[in-house]
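# A look at the structure
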Amino acid sequence: MNYLFSSIQQLKEKIRNKSLSPQELSDRLTSRCNSVQEKYNAFISIDPDVISKEIAVLFENIEDILHKTDNLPLTGLAGFTYALGDNIATNCYATTCASKMLSSYSPPFDAHVFSKLKESSAIITGKTNMEEFGIGCSGNSSFFKGVKNPWNTKHTAGSGAAAAALTGAANISFASDARGELRQAASYCGVFALKPTYGRISRRGLLDYASSLETIGLMARNTLDLATALAAVAGNDPHDVTALRSEVPDYISLIKENDGSLQVAVPENWQDAPHLEDEMKDIFQDQLKKLKTTGVKVDFIRLPHFQYSSLAATIISAVEAFSNLANYDGVRFGYRSKGKHLQEMYTQTRSEGFSSKLKKFLTFGALISSPKYYNDYFLKAQKLRIVISDELNNCLQKYDLLLTPTTPFKAPEFERDINQRQEGLPDPAGYYTAATNLAGLPSLSFPLHTNGLPYGLQLIGKKEDEVTLLRAALLLEKENTLAWPKFDF
Amino acid sequence: MQVSSEELKNASWDARIELTQQEEKELQEQLHNFFMLSQAMQNIDLNEVEAFSDAHKNQNILRKDIVEPSLPLKQALENAPDTDTSSFHVPRIIEE
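Anyway, here's the lowdown on the structure attached to this text. Numbering of residues starts from 1 in each chain and follows the order in which that chain's sequence is written. As a convention, the first chain written is A and the first ligand written is 1, with the rest following in written order. Two thresholds apply to this predicted model, a pLDDT of at least 70 for residue-level local features and 80 or more for giving and counting side-chain atom pairs, whereas whole-chain, interface and lining totals are computed over all residues. Water and hydrogen atoms play no part in the side-chain values, which are based on all heavy atoms of the structure.

## Topic: the overall build of chain A
Per the secondary structure count, chain A includes 17 helices and 13 strands. Each radius of gyration is computed over the set of C-alpha atoms, and the globule rule expresses the reference value as 2.2 Å times the number of residues to the power 0.38. Here the C-alpha atoms of chain A give a radius of gyration of 21 Å, agreeing with the 23 Å that 2.2 N^0.38 yields for 489 residues. Contact criterion: two residues are considered in contact whenever any of their non-hydrogen atoms come within 4.5 Å of each other. Within chain A, contacts between residues separated by at least 24 positions form 77% of all contacts whose residues are at least 6 apart in sequence. Note on areas: Shrake-Rupley with a 1.4 Å probe; residue coverage comes only from the protein chains shown. Carbon and sulfur atoms make up 48% of the accessible area of chain A, which totals about 16500 Å². Counting from the N terminus, the helices are the DSSP runs of H or I reaching at least four residues and the strands are the DSSP runs of E reaching at least two.

## Things to note about the interface of chain B and chain A
Between chain B and chain A, the residue contacts involve 55 residues of the former and 64 residues of the latter. Once two parts are joined, some of their accessible surface, as seen by a 1.4 Å probe, is lost; buried area is that loss totalled over both. Summing the contributions of chain B and of chain A, the shared interface buries around 5400 Å²; its carbon and sulfur component is 63%. When a carboxyl oxygen of Asp or Glu is within 4 Å of a side-chain nitrogen of Lys or Arg, the pair counts as a salt bridge. Where chain B meets chain A, there are four salt bridges. At the level of secondary structure, the elements contributing two or more residues to the side of chain B that touches chain A comprise α1 (5–14), α2 (21–42) and α3 (73–78) of chain B. The element contributing the most residues to the side of chain B that touches chain A is α2 of chain B, with 12 residues. A class-by-class count of the residues in the side of chain B that touches chain A yields 31 nonpolar, 10 polar and 14 charged. Amino acid classes used here: Ala, Val, Leu, Ile, Met, Phe, Trp, Tyr, Cys and Pro are nonpolar; Asp, Glu, Lys and Arg are charged; the rest, including Gly, are polar.

## Topic: empty space enclosed by the protein
Residues and elements named next belong to chain A. Cavities and pockets are found on a 1 Å grid laid over the protein atoms alone: a cavity is a set of points where a 1.4 Å probe fits but cannot escape, a pocket is an open set with protein on both sides within 12 Å along at least five of seven lines, and a lining residue has an atom within 4 Å of such a point. Grid points are joined across faces, edges and corners, and a volume is the space filled by probe spheres set on the points. Tallying each qualifying case throughout the model produces five cavities of 30 Å³ or more. Secondary-structure elements contributing two or more residues to the lining of the second largest cavity are β6 (172–177) and α7 (181–189). The greatest single-element share of the lining of the second largest cavity, amounting to three residues, is contributed by α7.

## Regarding the pairing of strand β5 (residues 152–156) of chain A
If a strand is regular, its side chains alternate between the two faces of the sheet. Residue and element names in this part refer to chain A. Strands qualify as paired when DSSP identifies two bridges or more between them. Relative to β5, strand β4 (residues 148–149) runs antiparallel, the two sharing two bridges. Bridge assignment links Lys148 to a residue of β5, and that residue is Thr156. Linking β4 back to β5 in an antiparallel pair, the connection comprises two residues.

## Description of the packing of helix α2 (residues 22–40) of chain A against helix α3 (residues 48–67) of chain A
Residues and elements named next belong to chain A. Only the stretch in contact is used when fitting a helix axis, every axis being a line fitted to C-alpha atoms; angles between N-to-C directions are given from 0 to 180 degrees. α3 packs onto α2 with a crossing angle of 145° between their chain directions and a minimal axis gap of 9 Å. Regarding α2 and α3, the two cross each other, and that crossing is right-handed. Judged by residue contacts, Pro22, Leu25, Ser26, Leu29 and Thr30 of α2 engage Pro48, Ile51, Ser52, Ile55 and Phe59 from α3. The residue makeup of the contact of α2 with α3, split by class, is seven nonpolar, three polar and no charged. In a left-handed crossing the near helix is turned counterclockwise from the far helix by less than a right angle, and in a right-handed crossing that turn is clockwise.

## Overview of the sheet that holds strand β2 (residues 81–85) of chain A
Residues and elements named next belong to chain A. If you trace the 11 strands from one edge of the open sheet to the other, you get β1-β3-β2-β6-β8-β7-β12-β13-β11-β9-β10, paired in mixed fashion. In the strand order of this sheet, the two ends are held by β1 (43–45) and β10 (297–301), each with one partner. Strand-to-strand, the axes of this sheet are offset by a mean angle of 30°, without reference to chain direction. Here four bridges tie strand β11 (residues 401–405) to strand β13 (residues 455–460), and the two strands are oriented antiparallel to one another. Bridge pairing in β13 links Thr404 to Gln458. Together, β1, β2, β3 (123–128), β6 and β8 (215–220) form the strand contacts of helix α6 (residues 160–167), whose direction differs from that of β6 by roughly 160°.

## Some thoughts on the nonpolar core
Residues and elements named next belong to chain A. We define a nonpolar core as any set of buried Ala, Val, Leu, Ile, Met, Phe, Trp, Tyr and Cys residues linked to one another through side-chain atoms lying within 4.5 Å. Any residue under 20% of the maximum accessible area for its type is buried, any over 50% is exposed, and the rest in between are partly exposed; the area is computed with a 1.4 Å probe on protein chains only. Counting 131 residues, the largest nonpolar core has Phe174 and Leu459 as its most contacted members. Examining the composition of this core, we find that 10 residues originate from one element, helix α14 (residues 371–398), more than from any other. The next biggest cluster of nonpolar side chains, apart from the first, holds 31 residues, and it includes Val36, Ala161, Ala165 and Ala170.

In structure tokens, the structure reads:
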């Protein structure tokens, strides 16, 4: 049985009628994760003992889980496999943020999202590789080396979370998104990704670099899995002041109530993105035509400041990173270097513990928040955030969704593309994605499979309206054939 | 706009980071590109816009002031590179 690509219902049935043993399932899952690690470097930690313990608990409790109807969002996820980005705190696994600085760090607590997942009887397969501290998607700053794209290993996957979701090493991957990293990686790997409204999923236990922009998001191979997982982990958390207090909608029921009367807006200057590939232009235009034939109303609208969103998000995130990462100084946790006195120890520790890319980014954050540049750059970026938010919110008063490509280009090639364009200030990959981080709005990347590397289509929704995004993704799933790659493990 | 080497050194000191010569050169190139791209942003009139550090404009979110258990000492010290039974050890603070 190819459990990892079968439905959860099929799995539950097999557990119920005992045609699958815990050991068999545990061995298959561990073996798949090890293969994905070996071929693509998608994981930082895989622990077969944790996997087999969680599977044993699932088998023991399967009848209770199937009969519990009073806690549906959580039990709906029972038997799902999931992976967590390595900047989400887990007490049972090291949480390294893919940095030498935290390469042996074991958090004394679990992230809120992980606590909820543990309650759900879902099975963690491991902690995924990423850019150091989740900054960007270029594949050149992880202390554990870059993640290879399963479609073509010469190209970056963007993150191990995306590679894990694509290869079936997890039904759901959770990772962070501060300027679009989650959605960009999903686009590079051709999987679905949802960055929820800021605060919809608690950020407690996320070791973030840009607090005001960053959320935990999800990746999967279909819309329904995204909805099921979101329902299980969304909700208020008294220990996160930024968590939304509003009730979590019943995503699973609501997304099926689709009357098909979507009105969609597209920024009229969407083709101005630097490095926009011709193939992406053609694919995006094809999608617009396809949507029109299904009765979706598509209008081109003017969003004059959208083009500055990546620049504003880069400035804000660099300044926040300069502040947030100041506590990695070798005193309370993490790597420590030698130094004759305290200041020398701080500087040596941070210079050796951070990658070259992060050192430059933090120095940029320090520079741009210094008195000489503060008003003209940081303060302007904070004001632009409000202007861009207002533009998006006004547009979404009239339309259900805003539509753009997810990234201007497909997954960059390690040797050729990455150094010349992916370390830019701003990173050109974030041209379309950063606006929703500034505005705190939800957005979804829908995979577009081609003959070569995939692309992504970005849908942006109103605040707290993940339902419309998921409904639209269901509609797109019907209209697009997804040609998943075959794996020999 | 050109950032002087001294400005960059001051910024990296603020971040407690020492850049190599190569890193300094690479950052100068990135900054050159950044300032070029930022020129258009400088022309946008934002005088009437209030700056906000949070898109949802949240302010003063408080919860009830109830004492909860804090992190036990042992756990707090567990990840530190140099400790004794109750404190973190650091090198001397004053330079020789």
